[in-house]
Amino acid sequence: MNPLCVLSCFSLLLAATTSQAPKPCIVPDLLTGGVSVMTADGSMMTSGTLAYDAFGRRMRARHYGSLGNHTVAVDELMLYQQETMYEINWGTMSCRKLPLDTYFMPMHVPADAKLFGQAFLGSSSSWGMGLLTNTWFGQFPNNDTYSTVFTEIGCLPLTFSYFSPKSGWTLISTYNWVIGLSNPLDFFPPPFCYNAVMEKSAKPYTFFSAMQSLAMKAKSME
């Protein structure tokens, strides 16, 4: 066979293989869905809702849980452009204004994330029996690690896992995603937050530490 022909065929095969490799993706610009959070020791599990606005780089998480005889709730508004998070307490009509770390924007696969693998949830034997997903992992500047699972089609987030030597593993699962927003006002703090003063936290909140805050609140009530 002509060596030039062999080289051309090999180049085409390599290009096709490279083009099929999953690449970091960005989710739809507006999303609303459900969320659940489980702490490393399994002592606390919460569920709630999550709204996402890519245009304004904003998120709103409302989640609820119970520990013993206590029921706790956390309402968090994360404004990435302002590097600010509001922790809203509707029971006392009060608000905490906290610094937000913008390094990790959770609703996309970071450009520096590495591909762990691709797999079907369910089965690939027949149409509709499985969901093709990509698992990515990476590291924060402080050496904490994370992994994420996104759908191959649509780039919808399914799970986020976070590991810190101090707090261990936290698993965040999302579901029932709908493209669009049910209430655009979700991304504005209530009036009683207007006079809140930024707390000089030693460590700005990340998406993961914000989602862990309900568990920490529950433990403080023990």
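Data block above holds the structure.
Residues numbered from 1 in each chain as written. Predicted model: local features only at pLDDT ≥ 70, side-chain atom pairs only at ≥ 80, totals over all residues. Heavy atoms only, no water.

Moving on: the environment of phenylalanine 137. Mapped onto the elements, phenylalanine 137 comes out in strand β8 (residues 130-139). According to the relative accessible area criterion, phenylalanine 137 is partly exposed, its value standing at 34%. Residues phenylalanine 137 and alanine 113, 24 residues apart in the sequence, show an inter-C-alpha distance of 5.5 Å. (Helix = DSSP H or I, 4+ residues; strand = E, 2+ residues; numbered from the N terminus. Buried < 20%, exposed > 50% of the residue type's maximum accessible area, 1.4 Å probe, protein only.)

All right, on to unusual backbone geometry then. Most peptide bonds take the trans configuration, and most residues that are not glycine carry a negative phi. Positive phi values are uncommon outside glycine, yet glutamate 83 reaches one of about 55°. Along the polypeptide, glutamate 83 turns up in the loop between β4 (70-79) and β5 (84-89). A relative accessible area of 47% places glutamate 83 in the partly exposed class. Phi at asparagine 176 takes a positive value of approximately 55°, unusual for a residue other than glycine.

Core analysis: the biggest nonpolar cluster contains 33 residues, and Met59, Met78, Met107, Phe150, Ile172, Phe207 and Phe208 have the highest contact counts within it. Contributions of two or more residues to this core are made by β1 (30-39), β2 (45-53), β3 (58-67), β9 (145-151), β10 (157-164), β11 (168-179) and α2 (207-220). For this core, the element with the most residues is α2, which contributes four residues. Beyond its immediate sequence surroundings of up to four residues, methionine 107 is in contact with Val27, Leu50, Tyr52, Met59, Phe150, Pro157, Phe160 and Trp177. (Core = buried A, V, L, I, M, F, W, Y, C linked by side-chain atoms within 4.5 Å. Contact = heavy atoms within 4.5 Å.)

Time to look at the state of the cysteines. All told, the structure shown has two disulfides when counted by the stated rule. Between cysteine 95 and cysteine 193 runs a disulfide, and the two sulfur atoms are separated by 2.3 Å. Handedness here is read from the sign of the S-S torsion; for cysteine 95 and cysteine 193, about 95°, the answer is right-handed. Of this pair, cysteine 95 sits in strand β6 (residues 94-99) while cysteine 193 sits in the loop between β11 and α2; the two residues are 98 residues apart in sequence, bridging distant segments of the chain. A single burial state applies to cysteine 95 and to cysteine 193, both of which are buried. Sequence-ordered numbering of the bonded cysteines in the protein chain yields a pairing of 1-3, 2-4. (Disulfide = S-S within 2.5 Å.)

Shape is all these values report; function is a separate question.
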